[in-house]
Protein chains: 6
Amino acid sequence: MKPVVVRNIPRADAEACKTLARLGVSTSHEALGRSGLMKPYMRPIWSGAAICGPAVTIMAQPGDNWMIHVAIEQCQPGDVLVVGVTADNTDGMFGDLLATSAKARGVQGLIIDAGCRDVATLKEMGFPVWSKAISAKGTVKATLGSVNIPVVCAGVNVTPGDAIVADDDGVVVIPRQLAAEVAAKGAKREADETAKREKLASGILGLDMYNMRPALEKAGLVYVDNPEDA
Amino acid sequence: MKPVVVRNIPRADAEACKTLARLGVSTSHEALGRSGLMKPYMRPIWSGAAICGPAVTIMAQPGDNWMIHVAIEQCQPGDVLVVGVTADNTDGMFGDLLATSAKARGVQGLIIDAGCRDVATLKEMGFPVWSKAISAKGTVKATLGSVNIPVVCAGVNVTPGDAIVADDDGVVVIPRQLAAEVAAKGAKREADETAKREKLASGILGLDMYNMRPALEKAGLVYVDNPEDA
Amino acid sequence: MKPVVVRNIPRADAEACKTLARLGVSTSHEALGRSGLMKPYMRPIWSGAAICGPAVTIMAQPGDNWMIHVAIEQCQPGDVLVVGVTADNTDGMFGDLLATSAKARGVQGLIIDAGCRDVATLKEMGFPVWSKAISAKGTVKATLGSVNIPVVCAGVNVTPGDAIVADDDGVVVIPRQLAAEVAAKGAKREADETAKREKLASGILGLDMYNMRPALEKAGLVYVDNPEDA
Amino acid sequence: MKPVVVRNIPRADAEACKTLARLGVSTSHEALGRSGLMKPYMRPIWSGAAICGPAVTIMAQPGDNWMIHVAIEQCQPGDVLVVGVTADNTDGMFGDLLATSAKARGVQGLIIDAGCRDVATLKEMGFPVWSKAISAKGTVKATLGSVNIPVVCAGVNVTPGDAIVADDDGVVVIPRQLAAEVAAKGAKREADETAKREKLASGILGLDMYNMRPALEKAGLVYVDNPEDA
Amino acid sequence: MKPVVVRNIPRADAEACKTLARLGVSTSHEALGRSGLMKPYMRPIWSGAAICGPAVTIMAQPGDNWMIHVAIEQCQPGDVLVVGVTADNTDGMFGDLLATSAKARGVQGLIIDAGCRDVATLKEMGFPVWSKAISAKGTVKATLGSVNIPVVCAGVNVTPGDAIVADDDGVVVIPRQLAAEVAAKGAKREADETAKREKLASGILGLDMYNMRPALEKAGLVYVDNPEDA
Amino acid sequence: MKPVVVRNIPRADAEACKTLARLGVSTSHEALGRSGLMKPYMRPIWSGAAICGPAVTIMAQPGDNWMIHVAIEQCQPGDVLVVGVTADNTDGMFGDLLATSAKARGVQGLIIDAGCRDVATLKEMGFPVWSKAISAKGTVKATLGSVNIPVVCAGVNVTPGDAIVADDDGVVVIPRQLAAEVAAKGAKREADETAKREKLASGILGLDMYNMRPALEKAGLVYVDNPEDA
């Protein structure tokens, strides 16, 4: 595979991204049909951020952040950087200097299947990162990778321009062409959940609200009053 | 094992639970004789909560939260839900809708040997969860399990009604019949520790306060002033 | 290896430690030439602390904190306790009583390749700990170890008196004799970074600031406008 | 919990154990209704062994094998030793001397949620062990535990006398009272599988043998000939 | 994503596969330019097998092997089954019955990012499997997935028909269109290595054979005879 | 730390190494006083090898095997190569070409806190390796490290010339100056164990052979005949 930078990628619809950011990861993941979720080891370095934007993807060598510099030039305001690496790695491939540069470019945040450092400064800057690890381990700028090719990040294949939704629940990848459809489904789901939440808060049981009792009985669930009968 | 829901379980003494919540996990664990502690991968999704209440137990299939709905009906105010699963799993089996329902029922919190989602909302609601993972991965409602049978959760066997103590140090299980005795022992330990803390804060060494020097000498500990003598 | 306590160890220069604490782990690690970093599983039990001080080292048996008591007597104000263990362990070998004693002695913080407990109290006390785990698991005082001998902690060999830098990015060990030199190099690096940060914040790309374009071209990086050309 | 040794436990039926050993772990686990399986980190130290016998259980402190000596006295020919520990541990708590003693007593094998050593010798002796780790780490004989009380081992609660089935697929625990029933169900399952195996070997597809096509179609599965149609 | 089965996929060249199987994983991975390697947790259930064939891919739900039955119908002699799952899982989704069916169809082996069971029988049958885990945990046939769509397996994106090379070193994925080119490069590499091996066996050092000394000197490597000079 | 190669290191006594190889890891580790054991993730790539020789140490960058070539020149017959890396890594930094070169030099084996490849060939060659992982991931020759300086490998500090004992139980490091003493202690221990083994094989219990009953009784162990009494 020859190292390449692809310019002018198509991007997920901006309005859809706005909606998906509000809906959050769990609702977006459900609306997509329960796929596209990165592995749960991907955690935010500070809590409370919630973003969605088109992916600018980076395939990097472990411990080498050269291509992140290359990728920043390809970013537009609202983009989300997504870094996959060719072998398991926890080195701190991203820190406050890169974040300053990315922020100046309007990048919303970073998703990296490796480590991140300067986390106290990144929190002060309000620049959100979801990473596999926090590590001060320095990196080199020695080997080429690629920008804006499909990459596997934390178990999910990411195509450039896909909508990346990230919050305290993790990170989910919505294929670019489906972003608007998933945003619409998610918004509908959100409305449904508000009604359900009110019912449940009033004390109505899920067993009744979802009418689960007949199915439970049919499946063979038995109620007893005394453990010795069980 | 036939799927069963056991109703009207006996519960750990409420007054003892109140004391155990104040004492916290580390003191309760010591007072029990250093057993009953869940594995340290069980972490709170937000810090600062400290609870104790009788366990309503759930044996669930990985990725299936049907039985949590069933269990909520069996809860009384002050109860703590404890979920064991039949295979390692990190799916987000509990979110804000279930939390709303549990809270309406007076449930104090959830202990789950799997994943949890909607964590930002759960924090806003003040509903505490101790889990193995945070994950947006959706779950199904397809296979029966049981409620209020003994379950293994994070390495500990939990009998329904046992007192579950949980705080930032983790989760410990106090057998129901021992709750009052352990609370009393823990309260005594707490009083002792206050006196010790004051002495140590004044600069008295643990070596002297615990009279460790003779035992150390007898065990053969040697002091030297120069590493080359060591 | 006979159990021994070495007294009156030489210590890293206090002024250098002050500088290193301000510079932080990532800059110190770079200034040392990217070595000495503990494994990234070492995490602070609360965020925001940033310390540097000479190591008082402890070689302990897993689950036995006897030697920590012994070590506290050897501490001077500003010291950092560093605990290595002879086998993988997550037990809570350090809690609020030991922290009270250490704090009375002027100890700045603890680095332990095992577990820690009473974390809510330690946070209230403002006593920082970097550990492998949080666990209430109680420990014994039964077997001797040593104090102030070289120990391996989280993958790094620590010699007594080495400067230990710890913050939200992790923990790095600076050899005692190099502390002043590394502090000076780090301060220079810090000054350089301030200038770079301003340029990057103004929108200048790393590609241009570091003059990376010729090297990238020479290495064979190709730009295309259409993924199909890639 | 006071340390105790329970003598003269009831044991799973010997004939049932013989059948279960022949059926193996996967079939026994299915016949029990897919429960009782220890976590997959439990691996044989050498491959090819397949045993089943009643459990003599040991609750031990991590790194302390005193109670294994105590337990061996309680063993009868055909028994299987099962060791649970009170905290995660990989120390080599069992080696060739204990194996020699156990073998002299007629013990069939050992299941230990910790480490094992002298594995080359154990293989020569033909003494099978399923463990979490292989480690030469020596252990002490300092703290009491219990023998023949219920213990959690690798995520499963084991009651003394339960039938322990272990082979290259792992370890499953069959409750003592169900051993004969499960053996009978498993034998029937085995017979069914022989017939199925022959059909499948002849080229008949599972899709047809299990008549899956209507259910797949009803669930919405679509066949296409060209990926572009998908 | 709608569940779909794609029939009549294009397949990697058979002759190239034959060559790649002989070259093995490490050489093929080098010849591809060091990409496409699955994570090292993928291990053979028995050692000594070495295969290469076109991928028939399966996207399955964790713990659900329904789609493996569906996929077998799509297999041709020489194919390799590749199973990706939508969340981390170790359940035993493949056993001797499925292996019998696959073997009858001429399938060479299975790559599964989950668990496998009946491993003793699979070894007897000579059916090779590379998996993440060995586990007897039974699975269900309840939820659809897809066959012959791109799937992520152990960190690598696999397109149907790609050449899958697997041996004791692990598993590497060679894109279908590159199979012949990579096989040719690998064969050349193999020839070069034979010559190198002979030189090295005769005692010539890599330092000299690769002419490394000038580069080492230029990079600043220093030789000393006494550690104290270092 | 400047990259350096230290020549003409002192080496552990050859006769002592011969004895330690025969005694094996577990006995050597006991004879040293239960220290120096590498973490249990270090496993042999094939079983049955048992070696002991003086360490030629290598501090390498993750994924860079340049310094292994440099180190081989420094080896004498009987030496054992020990590779530590500056960050967690599983890349296959050693394969059959390096093994051919090492073998030609008389090297007994390799201990590497990273990955190894060509394992089928290494087994055929009879060249033993203990590693953290098996991985085909290729490495570069780009960054200097050092040879024959103290390195941390799998949690243990190794000084050049130390005696490295490795077998199916793992790897233990015996300090060079203690090799003869530890070999003598271990040989004595071996003799004692032979006598013990015979007694235990004859049916004498460890409880009696070690006279454990009084200590158990004093510690409070209670025997009961009925679980309900426990």
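Residues numbered from 1 in each chain as written. Chains lettered and ligands numbered in written order. Predicted model: local features only at pLDDT ≥ 70, side-chain atom pairs only at ≥ 80, totals over all residues. Heavy atoms only, no water.

### As for the overall build of chain A
Okay, step 1: Check the secondary structure of chain A and you find 7 helices and 12 strands.
Okay, step 2: Residues classed as buried in chain A amount to 60% of the 230 residues present.
Okay, step 3: When the accessible surface of chain A is split by element, carbon and sulfur atoms take 51% of a total near 8300 Å².
Okay, step 4: Charge centroids of chain A, computed over 24 positive and 26 negative side chains, lie 6 Å from each other. (Helix = DSSP H or I, 4+ residues; strand = E, 2+ residues; numbered from the N terminus. Buried < 20%, exposed > 50% of the residue type's maximum accessible area, 1.4 Å probe, protein only. Areas by Shrake-Rupley, 256 points an atom, 1.4 Å probe, with all protein chains shown as cover. Lys, Arg positive; Asp, Glu negative; His and termini not counted. Charge placed at Lys NZ, Arg CZ, Asp CG, Glu CD.)

### Notes on the relation of the copies chain B and chain C
Okay, step 1: Superposing chain B onto chain C requires a rotation of 120 degrees together with a translation of 0.0 Å along the rotation axis, leaving an RMSD of 0.0 Å. The transformation just described matches what one would write down for a three-fold rotation axis. (Least-squares fit on C-alpha atoms with pLDDT ≥ 70 in both.)

### Re unusual backbone geometry
Okay, step 1: With a phi angle near 65 degrees, Asn148 of chain C is a residue other than glycine that sits in the positive phi range.
Okay, step 2: Relative to the assigned elements, Asn148 of chain C resides in the loop between β7 (146–147) and β8 (151–153).

### Some words on the packing of helix α5 (residues 179–201) of chain E against helix α3 (residues 96–104) of chain F
Okay, step 1: It is the contact of α5 of chain E with α3 of chain F, at a shortest axis distance of 8 Å, that shows an interaxial angle of 20 degrees. Viewed along their axes, α5 of chain E and α3 of chain F adopt a mutual orientation that is roughly parallel. When you trace α5 of chain E past α3 of chain F, the crossing you get is right-handed. Here Glu193, Lys196, Arg197, Leu200 and Ala201 of chain E of α5 of chain E lie close against α3 of chain F, whose contacting residues are Asp96, Leu97, Thr100, Ser101 and Ala104 of chain F.
Okay, step 2: Tallied by class, residues from the contact of α5 of chain E with α3 of chain F come to 4 nonpolar, 2 polar and 4 charged. (Axes fitted to C-alpha atoms, helices over the stretch in contact; angles between N-to-C directions. Parallel < 35°, antiparallel > 145°, perpendicular 65-115°, else oblique. Left-handed = near helix turned anticlockwise from the far one by under 90°. Contact = heavy atoms within 4.5 Å. Nonpolar A, V, L, I, M, F, W, Y, C, P; charged D, E, K, R; others polar.)

### Thoughts on the environment of Ala154 of chain F
All names here are of chain F.
Okay, step 1: Within the element layout of this structure, Ala154 appears in the loop between β8 (151–153) and β9 (156–158).
Okay, step 2: Assessed through its relative accessible area of 0%, Ala154 is described here as buried.
Okay, step 3: Measuring from C-alpha to C-alpha, the distance between Ala154 and Lys18 comes to 24 Å, with 136 residues separating the pair along the chain.
Okay, step 4: Leaving out residues up to four positions away in the same chain, Ala154 has contacts with Met38, Lys39, Tyr41, Met42 and Asp113.

### Some remarks on the arrangement of the chains
Okay, step 1: The closest approach of any C-alpha atom in chain A to one in chain D is 14 Å; the two make no contact.
Okay, step 2: Looking at chain B next to chain F, you find no contact at all, with the nearest C-alpha pair sitting 14 Å apart.

### Things to note about the interface of chain B and chain C
Okay, step 1: Tallying the contact residues gives 36 residues for chain B and 35 residues for chain C.
Okay, step 2: Taking both partners together, chain B and chain C bury about 3100 Å²; carbon and sulfur atoms supply 62% of that area.
Okay, step 3: Counting across the interface, chain B meets chain C through 4 salt bridges.
Okay, step 4: Note that Arg7 of chain C and Asp225 of chain B form a salt bridge whose closest N and O atoms lie 3.2 Å from each other.
Okay, step 5: At the junction of chain B with chain C, the criterion picks out 12 residue pairs in polar contact (both at pLDDT 80 or more).
Okay, step 6: Those elements giving two or more residues to the side of chain B that touches chain C turn out to be α1 (14–31), α5 (179–201), α6 (206–209), α7 (213–219) and β12 (222–224) of chain B. (Buried area = accessible area lost by both parts, 1.4 Å probe. Salt bridge = Lys/Arg side-chain N within 4 Å of Asp/Glu carboxyl O. Polar contact = N/O pair within 3.5 Å; in protein donor to acceptor, adjacent residues only side chain to side chain.)

### Let's talk about the interface of chain D and chain F
Okay, step 1: Across the contact, 35 residues belong to chain D and 36 residues belong to chain F.
Okay, step 2: With both sides pooled, the region where chain D packs onto chain F buries about 3000 Å², and carbon together with sulfur makes up 62% of that total.
Okay, step 3: If you look at where chain D meets chain F, you find 4 salt bridges.
Okay, step 4: The partner of Asp96 of chain D in a salt bridge is Arg197 of chain F, with the nearest N and O atoms 2.7 Å apart.
Okay, step 5: Where chain D meets chain F, there are 12 residue pairs in polar contact (both at pLDDT 80 or more).
Okay, step 6: For the side of chain D that touches chain F, the secondary-structure elements that each account for two or more residues are β1 (4–6), α2 (66–73), α3 (96–104) and α4 (119–125) of chain D.

### Brief notes about α5 of chain E
Okay, step 1: With 23 residues, α5 of chain E ought to run about 33 Å at 1.5 Å a step, and its terminal C-alpha atoms sit 32 Å apart, in line with that.
Okay, step 2: Those residues of α5 of chain E not exposed but buried are Ala179, Val182, Ala183, Gly186, Glu193 and Leu200 of chain E.
Okay, step 3: Buried residues belonging to α5 of chain E abut α1 (14–31), β10 (163–167), β11 (170–174) and α6 (206–209) of chain E together with α3 of chain F.
Okay, step 4: Looking one or two places after α5 of chain E, you find Gly203 of chain E, whose phi comes out positive at around 105 degrees. (Expected span 1.5 Å × (residues − 1).)

### Observations concerning the pairing of strand β6 (residues 129–134) of chain A
Two faces, one strand: in a regular strand the side chains alternate between the faces of the sheet.
All names here are of chain A.
Okay, step 1: The buried fraction of β6 is high, at 5 of 6 residues.
Okay, step 2: Pairing between strand β2 (residues 43–44) and β6: 2 bridges, direction antiparallel. In the sheet register, Arg43 faces β6, and the bridge partner there is Ser131.
Okay, step 3: Here strand β5 (residues 109–116) pairs with β6 via 5 bridges, running parallel. Looking at the pairing, Cys116 lines up with Ile134 of β6.
Okay, step 4: Regarding the hand of the β-α-β motif, the stretch spanning β5, helix α4 (residues 119–125) and β6 is right-handed. (Pairing = 2+ DSSP bridges. Right-handed = clockwise from strand over helix to strand, strands pointing away.)

### Some thoughts on the pattern of salt bridges
Okay, step 1: Tallied over the full model, the rule gives 90 salt bridges over all chains.
Okay, step 2: As a salt-bridge pair, Asp88 of chain B and Lys132 of chain B come within 3.7 Å of each other at their nearest N and O atoms. Placement of Asp88 of chain B in the loop between β4 (80–85) and α3 (96–104) and of Lys132 of chain B in strand β6 (residues 129–134) is noted, with a sequence separation of 44 residues between them.
Okay, step 3: Using a relative accessible area of 25% as the deciding quantity, one classes Lys132 of chain B as partly exposed.
Okay, step 4: Put simply, Lys39 of chain D and Asp88 of chain B hold a salt bridge, and the shortest N to O gap is 2.5 Å. Linking Lys39 of chain D in the loop between α1 (14–31) and β2 (43–44) with Asp88 of chain B in the loop between β4 and α3, this pair reaches from one chain into another.
Okay, step 5: Here Lys39 of chain D falls in the buried class, since its relative accessible area comes to 18%.

### A short note on the packing of aromatic side chains
Okay, step 1: Throughout the structure, instances matching the rule amount to 6 aromatic pairs over all chains.
Okay, step 2: Measuring from centroid to centroid gives 5.7 Å for Phe94 of chain A and Phe127 of chain A, while their planes differ by 20 degrees, and the two rings are stacked. Residue Phe94 of chain A is found in the loop between β4 (80–85) and α3 (96–104), and its partner Phe127 of chain A is found in the loop between α4 and β6; the two are separated by 33 residues along the sequence. Accessibility assignment for this pair places Phe94 of chain A and Phe127 of chain A in one class, buried.
Okay, step 3: Between Lys132 of chain B and the ring centre of Tyr41 of chain B, over which it is positioned, the NZ or CZ distance is 5.4 Å. (Phe/Tyr/Trp six-rings, centres within 6.5 Å; stacked < 30°, edge-to-face > 60°. Lys NZ or Arg CZ within 6 Å of the ring centre and 35° of its normal.)

### What to know about the pairing of strand β11 (residues 170–174) of chain A
Residue and element names in this part refer to chain A.
Okay, step 1: For β11, a buried count of 5 out of 5 residues is recorded, marking the element as mostly surrounded by other parts of the structure.
Okay, step 2: Neither face of β11 is open: one carries Gly170, Val172 and Ile174, the other Val171 and Val173, and all of them are buried.
Okay, step 3: Of the pairings in the sheet, the one linking strand β10 (residues 163–167) to β11 comprises 5 bridges and is antiparallel in character. By the bridge assignment, Ala166 is partnered in β11 with Val171.
Okay, step 4: Between β10 and β11, which pair antiparallel in sequence order, lie 2 residues.

### Description of the environment of Ser28 of chain C
All names here are of chain C.
Okay, step 1: With respect to the helices and strands, the residue Ser28 is situated in helix α1 (residues 14–31).
Okay, step 2: Sequence separation between Ser28 and Ala179 is 151 residues; the distance between their C-alpha atoms is 9.5 Å.
Okay, step 3: Those residues within four positions of Ser28 in sequence are excluded, and the remaining contacts are Leu20, Leu23, Val165, Val172, Ile174 and Val182.

### Focus: the side chain of His29 of chain C
Okay, step 1: Looking at where His29 of chain C falls in the secondary structure, it is placed in helix α1.
Okay, step 2: For His29 of chain C, a relative accessible area of 0% translates into the label buried.
Okay, step 3: Dropping the residues within four chain positions of it, His29 of chain C is found in contact with Arg117, Ala136, Lys137 and Gly138 of chain A together with Arg34, Ser35, Leu37 and Val172 of chain C.

### Topic: helix α2 (residues 66–73) of chain A
Okay, step 1: Most of α2 of chain A sits out of view: 7 of its 8 residues are buried.
Okay, step 2: Turning to α2 of chain A, its buried residues are Trp66, Met67, Ile68, His69, Val70, Ala71 and Ile72 of chain A.

### As for the packing of α1 of chain D against helix α5 (residues 179–201) of chain D
To characterise two packed helices, one gives the angle between the axes of the helices and the distance between these axes.
Residues and elements named next belong to chain D.
Okay, step 1: Relative to each other, α1 and α5 sit at 70 degrees, their axes nearing to 8 Å. Relative to α5, α1 is oriented roughly perpendicular. Between α1 and α5, the contacting residues are Ala16, Thr19, Leu20, Arg22, Leu23, Thr27, Ser28, Glu30 and Ala31 on the first element and Ala179, Ala180, Val182, Ala183, Lys185, Gly186, Ala187, Arg189 and Glu190 on the second.
Okay, step 2: Residues that form the contact of α1 with α5 fall into these classes: 9 nonpolar, 4 polar and 5 charged.

### Section: the environment of Phe127 of chain A
Residues and elements named next belong to chain A.
Okay, step 1: With relative accessibility at 1%, the residue Phe127 sits in the buried group.
Okay, step 2: Taking C-alpha positions, Phe127 is 23 Å from Val151, a pair spaced 24 residues apart along the chain.
Okay, step 3: With residues up to four places along the chain from it excluded, the contact list for Phe127 reads Trp46, Phe94, Ala99, Ala102, Lys103, Val107, Gln108, Gly109, Leu110 and Leu122.

### Some thoughts on the confidence of the model for chain A
Okay, step 1: When the pLDDT values of chain A are averaged, the result is 95; 98% of them are 70 or greater.
Okay, step 2: Complex prediction metrics read pTM 0.95 and ipTM 0.95. (pLDDT = per-residue confidence, 0-100.)

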